[in-house]
Amino acid sequence: MKCDVKLIAGVFFSFAIILRLFLCWLNPPYNSFDNYFEPVFIAMETGTVPAKDACFQCYHPPVFVWTSAQIGKLAARTGITKQHLIKLLQFLPCLYGILTVGLCYLIIQRFPFSEYAKLISFGTLCFLPRHIYMSAMHSNDTMSYLFAALCVYLLIIVIDRHFSPLSLCAFSIALSVTLFIKYTTFAVVPAAFAVFFSAFRHRNIIPDKRT
């Protein structure tokens, strides 16, 4: 039964990748809710993250723009055309979306649910329409999903390792980066607080001082 579940999960994940790549390939780069290319190109030209009022979408936190600009500059050095560069930048959110699906599979596996429940949960994410079409757009949304999921996964690791310094350091770095991707990622702060508050209240995981 376990082999069958893993096989079905693998099929789900394969289709999740194909759907996101296919829609990203077909979707025109500028067919999006907002123009995130503008702040990225400003960062590529100036070498710095643009000011909050430099363009319409420049008010967002800097991680997505800075990361895209660095990748864009590396690609530009190869002599890539602007049309292909724009498509490459559009592919980055698609990659973040695919990585999010894989990471969420690891998170789901850590919960004491039945194999059927885990499969249904994972399948829902694989074929979630919003996540599929957001992965085809150039925006900071899928990057925020990825790092929010990373924070959740690292919180699980923190608990498993009894709040070891190394796991706490890894979580702190991930949390700091996450908060500078998009304002909605501040949702991970109460999630983290709930874990630490629970550990402190029950005192059954770690000493009070380490909490």
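Look a little higher up for the structure.
Read on for an overview of the structure.

Rules used in this analysis
- Residues numbered from 1 in each chain as written.
- Predicted model: local features only at pLDDT ≥ 70, side-chain atom pairs only at ≥ 80, totals over all residues.
- Heavy atoms only, no water.
- Helix = DSSP H or I, 4+ residues; strand = E, 2+ residues; numbered from the N terminus.
- Buried < 20%, exposed > 50% of the residue type's maximum accessible area, 1.4 Å probe, protein only.
- Areas by Shrake-Rupley, 256 points an atom, 1.4 Å probe, with all protein chains shown as cover.
- Lys, Arg positive; Asp, Glu negative; His and termini not counted.
- Charge placed at Lys NZ, Arg CZ, Asp CG, Glu CD.
- Disulfide = S-S within 2.5 Å.
- Core = buried A, V, L, I, M, F, W, Y, C linked by side-chain atoms within 4.5 Å.
- Contact = heavy atoms within 4.5 Å.
- Salt bridge = Lys/Arg side-chain N within 4 Å of Asp/Glu carboxyl O.
- Expected span 1.5 Å × (residues − 1).
- Polar contact = N/O pair within 3.5 Å; in protein donor to acceptor, adjacent residues only side chain to side chain.

**Description of the overall build of the protein**
Then, number 1: Scanning the protein from terminus to terminus reveals 9 helices and 0 strands.
Then, number 2: Shown N-terminal to C-terminal, the secondary structure of the protein runs as helices and strands in the order α-α-α-α-α-α-α-α-α.
Then, number 3: In terms of principal-axis extent, the alpha carbons of the protein reach across some 55 × 45 × 30 Å.
Then, number 4: Residue burial in the protein is summarised as follows: out of 211 residues, 42% are buried.
Then, number 5: For the protein, the exposed area adds up to about 11800 Å²; of that, 71% sits on carbon and sulfur atoms.
Then, number 6: The average position of the 17 basic charges and that of the 9 acidic charges among the side chains of the protein differ by 7 Å.

**A closer look at the state of the cysteines**
Disulfides are covalent bonds that link the sulfur atoms of two cysteine residues.
Then, number 1: Summed over the entire model, instances satisfying the criterion amount to 1 disulfide.
Then, number 2: Unpaired in terms of disulfides, Cys24 finds its nearest cysteine sulfur in Cys94, a separation of 4.4 Å.
Then, number 3: Cys24 gets classed as buried once you look at its relative accessible area, which sits at 5%.
Then, number 4: For Cys94, a relative accessible area of 0% translates into the label buried.

**Re the nonpolar core**
Then, number 1: Counting 33 residues, the largest nonpolar core has Phe41, Leu89 and Met143 as the members making the most contacts within it.
Then, number 2: Elements with a contribution of two residues or more to this core: α1 (2–26), α2 (37–46), α3 (63–76), α4 (82–109), α5 (115–126) and α7 (141–160).
Then, number 3: In terms of residue count, α4 provides more of this core than any other element does, 10 residues in total.
Then, number 4: Met143 has contacts with Val63, Phe64, Thr67, Tyr96 and Ile181, leaving out every residue within four places of it along the chain.
Then, number 5: Ranked by size, the runner-up nonpolar core spans 14 residues in total, among them Leu168, Ala174, Leu179 and Val188.

**What about the pattern of salt bridges?**
Then, number 1: The tally for this structure, following the rule as stated, stands at 3 salt bridges.
Then, number 2: Salt-bridge contacts for Asp160 lead to Arg110; the nearest nitrogen and oxygen are separated by 1.8 Å. Linking Asp160 in helix α7 with Arg110 in the loop between α4 and α5, this pair joins segments that are 50 residues apart in sequence.
Then, number 3: On the accessibility criterion, Asp160 (41% relative accessible area) is partly exposed.
Then, number 4: Classification of Arg110 as partly exposed rests on a relative accessible area of 36%.
Then, number 5: In this structure, Lys118 and Glu115 form a salt bridge, with 4.0 Å as the shortest nitrogen-oxygen distance. With Lys118 and Glu115 both in helix α5, this residue pair falls 3 residues apart, about one helical turn.

**Some thoughts on α3**
An α-helical turn contains 3.6 residues, so any two residues separated by three or four positions project in the same direction.
Then, number 1: Along its 14 residues, α3 runs 20 Å from first to last C-alpha, staying within 8% of the 20 Å computed at 1.5 Å per residue.
Then, number 2: Along α3, the residues that are buried comprise Val63, Phe64, Val65, Thr67, Ser68, Ala69, Gly72 and Ala75.

**Re the side chain of Ser139**
Then, number 1: Among the structural elements, Ser139 can be located in the loop between α6 (129–134) and α7.
Then, number 2: Note on Ser139: relative accessible area 2%, which makes it buried.
Then, number 3: A distance of 2.9 Å separates a polar atom in the side chain of Ser139 from a polar atom in the side chain of Asp141.
Then, number 4: Leaving out residues up to four positions away in the same chain, Ser139 has contacts with Tyr36, Phe64, Pro93 and Met134.

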